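# Residue-level structural notes
What follows is each chain in one-letter form.
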Amino acid sequence: MNPNEEKSKTYESMADRFLSLFRFNITFKMTLEFTIAFIAFMILMNMIFYMGIKGWMYSQTFNMLKEASKHIEENVAAVYSPILDFEEIEYFFFDEATKALTQSNSAEVISYDAYEKSRNPINFFPRNKPEYYYYKKTISYDNQLMILVMRKNALSSHKEIDFLWSVFIGISIILTLMVWVSSSRISHKHLKPLRNMTQRVKDISVNNLDTRIDIRGTKDELKDLAFTFNNMMDEIENSYEKQKQFVSDASHELRTPIAVIKGYASMVNRWGKEDENVLDESIKAIEDEARNMQSLVESLLFLARRDKGTLEMEMERFNAKDFANEIIKESGLIDSKHKILGFIEYDGDIYASPDKLKQAIRVFVDNSMKYTPENGEIHVSLKASQKDVYFVIKDTGVGISQEDLPRIFERFYRADQARTRNDKSGTGLGLAIAKVIIEQHQGKINIESQLGKGTTITIILPKNI
């Protein structure tokens, strides 16, 4: 690892440790997210209310000034005297040259320039508040055009708007606190099954793999999660039990040859140094048991590689007819007690691993030899369809019971459950290995068997994988 990679990993580790200081539970995170979303919503609503109310108040004031301007225009003589006055409204008259003519009694004299500089368009936000609301209209009096300017003090409007704004803020704060409390309770309630699941999972160990999550009463995604977890635990428990059985069976199979080797070694130590017959017998027995142990260990390693996903097959294309004839010939050479007959109907190629495929077919042929009485028949056939090749091994042996048939490919399983070592009992791994090999070729195995009538094994392999 170069220094830059080490430095990068160091920084990542430091960042992880720093972030772990801010670890919050899901209830808090959900509550915080709900509250932030509500705050954003309330800010938006407050701004809408504020602008709406301010616009409404401006519209009301504008209409008030407009109505007052109509009244003034209708009574312009009285106003111009001036003897007419309006509550909270001041008015000013200017001629066409913007020279001040007259104004209401309560108004301070202003110039037209001062009016133009002081009037501002309505602003909906709190900043730049106008001091006065203005309204301008041109009217005619005594054959003279005059400019009527009206204004109303905006202070009272500002006070009302500020008061309403304070009310909105106060209500928002109260509602935010209520949302925080209610969302916290709701999150806590809905996440309670998840906390129960977590506690149940913490209680699971090797000694109580049968523990399951209670899914009664739940109807949401948490039920799906619990159901999936329970299914996973079923598979784990089943796999663990199979592993325990596998280890137990492997230990049992290894115990016998080790005991035999140990016994013969002790015999050699006691008498073999002087008795050549004892020495020869012991050496032969030790060699046989060592070969048995080697075969068992190799079988276990083969299955272990398959379980780990590292099993590889060296595939090639070869003639299936020559391959089948070779198996038939070799079987006849090693077994003279049975009639081994070949029926070859396909003369074409197949893509497979010749060594591993022969090993698998030999397992079925050897089983037929073991469990078929002397002078019985064993048929090895080769057929083909458009896509598949069929290897069929048929015997006239003792057969397999319907109860044992579904389990014959289990590791260390024997139909009679015998665990004694005799001339017909093997390691109990042959059929399991054969099944793995066929599956690696993307093939299938069909078995038909009846007690006392024999067994038919059909291996179906694709011509091209």
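Figured I'd write up the structure that's included with this text. Everything quoted here is computed from the prediction, not taken from an experiment.

What counts, and where the lines are drawn
Residues numbered from 1 in each chain as written. Predicted model: local features only at pLDDT ≥ 70, side-chain atom pairs only at ≥ 80, totals over all residues. Heavy atoms only, no water. Salt bridge = Lys/Arg side-chain N within 4 Å of Asp/Glu carboxyl O. Helix = DSSP H or I, 4+ residues; strand = E, 2+ residues; numbered from the N terminus. Buried < 20%, exposed > 50% of the residue type's maximum accessible area, 1.4 Å probe, protein only. Pairing = 2+ DSSP bridges. Axes fitted to C-alpha atoms, helices over the stretch in contact; angles between N-to-C directions. Contact = heavy atoms within 4.5 Å. Patch = residues over 30% accessible without salt bridge, like charges linked within 9 Å, V, L, I, M, F, W, Y side chains within 5 Å. Areas by Shrake-Rupley, 256 points an atom, 1.4 Å probe, with all protein chains shown as cover. Parallel < 35°, antiparallel > 145°, perpendicular 65-115°, else oblique. Left-handed = near helix turned anticlockwise from the far one by under 90°. Nonpolar A, V, L, I, M, F, W, Y, C, P; charged D, E, K, R; others polar. Core = buried A, V, L, I, M, F, W, Y, C linked by side-chain atoms within 4.5 Å. Lys, Arg positive; Asp, Glu negative; His and termini not counted. Charge placed at Lys NZ, Arg CZ, Asp CG, Glu CD. Phe/Tyr/Trp six-rings, centres within 6.5 Å; stacked < 30°, edge-to-face > 60°.

### A look at the pattern of salt bridges
Counted under the stated rule, the structure contains nine salt bridges. A salt bridge links Glu-90 to Arg-151; its shortest N-O distance comes to 2.6 Å. Of this pair, Glu-90 sits in strand β1 (residues 89-94) while Arg-151 sits in strand β4 (residues 144-153), and the two are 61 residues apart along the sequence. Look at Arg-151 and you get buried, because its relative accessible area is 7%. A salt bridge links Asp-288 to Arg-291; the shortest N-O distance between them is 2.2 Å. Placement of both Asp-288 and Arg-291 in helix α8 (residues 276-308) is noted, with a separation of three residues, approximately one turn of the helix. Owing to a relative accessible area of 47%, Arg-291 belongs among the partly exposed residues under this scheme. Salt bridges sharing common partners tie together Lys-284, Asp-288 and Arg-291.

### Notes on the sheet that holds strand β2 (residues 100-103)
Ordered in space as β2-β1-β4-β3, the four strands form an open sheet in which the pairing is antiparallel. The open sheet is flanked by β2 and β3 (132-141), the only strands paired with a single partner. The mean inter-strand angle of the sheet, taken between neighbouring strand axes irrespective of direction, is 25 degrees. Inspection of the sheet shows β3 paired to β4 by 10 bridges, in the antiparallel sense. Paired with Tyr-132 across the two strands is Asn-153, which belongs to β4. Along the sheet, helix α2 (residues 26-74) contacts β1, β3 and β4; its crossing angle with β3, the most-contacted strand, is approximately 25 degrees.

### Topic: a nonpolar patch on the surface
Judged by side-chain polarity, Leu-32, Ile-36, Trp-180 and Val-181 come together as a nonpolar surface patch covering roughly 330 Å² of accessible area. Of all the secondary structure elements, the ones that give two or more residues to the nonpolar patch are α2 and α5 (155-190). With respect to the helices and strands, the residue Val-181 is situated in helix α5. Since its relative accessible area comes to 40%, Val-181 is described here as partly exposed.

### Focus: the packing of α8 against helix α11 (residues 430-440)
Direction vectors running N to C along α8 and α11 enclose 40 degrees, while the axes themselves pass 10 Å from each other. Viewed along their axes, α8 and α11 adopt a mutual orientation that is oblique. Two packed elements cross with a definite hand, and for α8 against α11 that hand is left-handed. Contacts between α8 and α11 involve Ser-299, Phe-302, Leu-303 and Arg-306 from the former and Ala-432, Ile-433, Val-436, Ile-437, Glu-439 and Gln-440 from the latter. When the residues that make up the contact of α8 with α11 are grouped by side-chain class, the tally is six nonpolar, two polar and two charged.

### Structural notes on the environment of Met-267
Along the polypeptide, Met-267 turns up in helix α7 (residues 221-272). Here Met-267 falls in the partly exposed class, since its relative accessible area comes to 25%.

### Some points on the nonpolar core
The biggest cluster of nonpolar side chains holds 47 residues, and the ones touching the most others in it are Phe-302, Leu-357, Ile-361, Phe-364, Phe-391, Ile-393 and Ile-459. It is helix α10 (residues 354-370) that contributes the most residues to this core, seven residues altogether. The contacts of Phe-364, once residues within four sequence positions are left out, are Ile-393, Phe-409, Leu-431, Ala-434, Ile-445, Ile-457 and Ile-459. Core analysis: the next-biggest nonpolar cluster, separate from the first, contains 14 residues, Ala-68, Ile-72, Met-146 and Met-150 among them.

### Description of the sheet that holds strand β11 (residues 454-462)
Strand order in the open sheet formed by five strands is β6-β8-β9-β11-β10, and the pairing between neighbours is mixed. Looking along the sheet, the strands with just one partner apiece sit at the ends: β6 (339-344) and β10 (444-450). Sheet twist, expressed as the average angle between the axes of neighbouring strands with direction ignored, equals 10 degrees. Where α10 meets the sheet, its contacts fall on β6, β8 (377-384), β9 (388-395), β10 and β11, and the angle it forms with β9 comes to roughly 20 degrees.

### With respect to a negative patch on the surface
On the surface, Glu-274, Asp-275, Glu-276 and Asp-280 cluster together into a negatively charged patch. Within the fold, Asp-280 resides in helix α8. What makes Asp-280 partly exposed here is its relative accessible area of 48%.

### What to know about the packing of aromatic side chains
Applying the stated rule across the entire model yields eight aromatic pairs. Ring geometry for Phe-49 and Phe-168: centres 5.7 Å apart, planes at 35 degrees, overall tilted. With Phe-49 in helix α2 and Phe-168 in helix α5, this pair connects stretches of sequence that are 119 residues apart. The class of Phe-168 is buried, set by a relative accessible area of 17%. Aromatic side chains Tyr-91 and Phe-93 sit 6.1 Å apart centroid to centroid with 80 degrees between the ring planes, which places their arrangement in the edge-to-face category. Of the two residues, Tyr-91 and Phe-93, both sit in the buried class. One aromatic cluster in this structure is built from Phe-318, Phe-323 and Phe-391.

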